[in-house]
Amino acid sequence: MRYAKRGPLRFTSHRDFARAFERAVRRANVPVAFSQGFTPHPKISYASAAPTGVASEAEYLEIGLREPVDPGQLRAALDAALSPGLDVLDAVVAGGGSLADRIEASYWRIELPELDAAALERAVAAFTVADEVLVERMTKQGRRTFDARAAVMRIDVVSAPETPSGAVAVPCAILELVVRQVTPSVRPDDVLSGLRVVADLEPPVSPRVIRLAQGTLTAQGAIVDPLDADRGGATIG
């Protein structure tokens, strides 16, 4: 299944979404399968969830069922049982293989209000020519230093014909990224930290980040929706 986190619901943590989705499964009377053992759990697994505070049009999960259901009806029932802003967009019957193995990269948009696009272009140029860009981030294993450059396959400054995200009419620089899935993962905030390292770029206000797509990569660098493996295949980014 593909779902979205939109608007204020982008601040929903992954754990909170998982609880909300399990409640939606019960509310919609979905014949979900359960694990074995003393504490059975519904068979739901998530693939590469976006960080809290990040909007997304391309989140994915797998759900195991006790019996066949129509994917379209299942999608509609679960979408109706979730709050607006947590939206189930698509569902297919899995044909085999791991969903996680089909996610090789993500396509991100970062909106940077009140930032001059020329300054962003200079920072991107410095980031692009660097052999490596070391940044720090606190992880569950403690503070780690890693290269934010190697995972970035594409980084572009783009222009928008109108103010994005319904924001007030202020200048807004926009950055688009295609980032390969690596360990540790490289997130949009890591790339912004990298731009700070190479060019001392400091956004004046908090950025607005949205994941537009994730999936497998073609030889041309396009991203293929992982659900398309079960219905023919088409690029989405």
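Residue positions within a chain follow its written sequence, with the count starting from 1. For a predicted model such as this one, the threshold for reporting local features is a pLDDT of at least 70, and the threshold for listing and counting side-chain atom pairs is 80 or more; totals across whole chains, interfaces and linings nevertheless cover every residue. In computing side-chain properties, one takes all heavy atoms of the structure into account and sets aside hydrogens as well as water.

How would you explain the overall build of the protein if you had to name every residue and give the values?
Here a strand is any run of E in DSSP of at least two residues, a helix any run of H or I of at least four, and the numbering for each starts at the N terminus. Across its full length, the protein holds 4 helices and 11 strands. C-alpha atoms define the radius of gyration in this analysis, and the globule rule sets the expected value at 2.2 Å times the number of residues to the power 0.38. On C-alpha atoms alone, the protein measures out to a radius of gyration of 19 Å, which is about the 18 Å that the 2.2 N^0.38 rule sets for 237 residues. With respect to the principal axes defined by its C-alpha atoms, the protein has extents near 55 × 40 × 35 Å. Counting the 237 residues in the protein, one finds 41% classified as buried. For the area figures, the Shrake-Rupley method with a 1.4 Å probe applies, and any residue is considered shielded solely by the protein chains shown. Summed over all atoms, the accessible surface of the protein reaches about 12,400 Å², with 50% contributed by carbon and sulfur. Under the counting rule used here, the positive set is Lys and Arg, the negative set is Asp and Glu, and His together with the chain ends is not counted. Here the site of a charge means atom NZ of a Lys, CZ of an Arg, CG of an Asp or CD of a Glu. Considering the protein, the positive charge centre built from 27 side chains and the negative charge centre built from 30 side chains are found 7 Å apart. Relative accessibility under 20% of the residue-type maximum defines a buried residue, over 50% an exposed one, and the middle range a partly exposed one, all with a 1.4 Å probe and only protein chains included.

Go over the pattern of salt bridges with me, naming the residues and quoting the values.
When a carboxyl oxygen of Asp or Glu lies within 4 Å of a side-chain nitrogen of Lys or Arg, that pair is called a salt bridge. Applying the stated criterion to the full structure yields 16 salt bridges. The partner of Arg-109 in a salt bridge is Glu-176, with the nearest N and O atoms 2.6 Å apart. On the criterion of sequence distance, the pair formed by Arg-109 in strand β5 (residues 105-113) and Glu-176 in strand β9 (residues 172-180) is long-range, its members being 67 residues apart. Notably, a salt bridge pairs Arg-187 with Asp-189, separated by 3.0 Å at the nearest N-O pair.

I'd like a description of the nonpolar core, backed by residues and values.
Here, the term nonpolar core denotes a set of buried Ala, Val, Leu, Ile, Met, Phe, Trp, Tyr and Cys residues that are joined through side-chain atoms within 4.5 Å. Judged by nonpolar contacts, the single largest core of 28 residues is most densely connected at Leu-120, Ile-155, Leu-175, Leu-177 and Leu-195. Elements supplying a minimum of two residues to this core: β5, α3 (117-129), β8 (152-158), β9 and α4 (188-199). Any two residues whose heavy atoms approach within 4.5 Å at even a single point are treated as in contact. Beyond its immediate stretch of four places on either side in the chain, Leu-195 contacts Leu-120, Ala-123, Val-124, Phe-127, Leu-175, Asp-200 and Leu-201. Core analysis: the next-biggest nonpolar cluster, separate from the first, contains 19 residues, Tyr-3, Phe-17, Phe-21 and Leu-82 among them.

Pulling in residues and values, what's your account of empty space enclosed by the protein?
One water molecule sets the probe size; rolling that probe over the atoms shows where empty space is left. In this analysis, the protein atoms alone were mapped onto a 1 Å grid. Cavities are point sets where a 1.4 Å probe fits without being able to get out; pockets are open sets with protein on both sides within 12 Å along at least five of seven lines; lining residues have an atom within 4 Å of a point. Grid points are joined across faces, edges and corners, and a volume is the space filled by probe spheres set on the points. Overall, the coordinates contain 1 cavity of 30 Å³ or more when judged by the stated rule. Approximately 40 Å³ is the volume attributed to the largest cavity. Lining the largest cavity are Tyr-3, Lys-5, Thr-12, Ser-13, His-14, Phe-17, Ala-49, Ala-50 and Glu-59. Looking at the lining of the largest cavity, the elements with two or more residues in it are β1 (2-5) and α1 (14-27).

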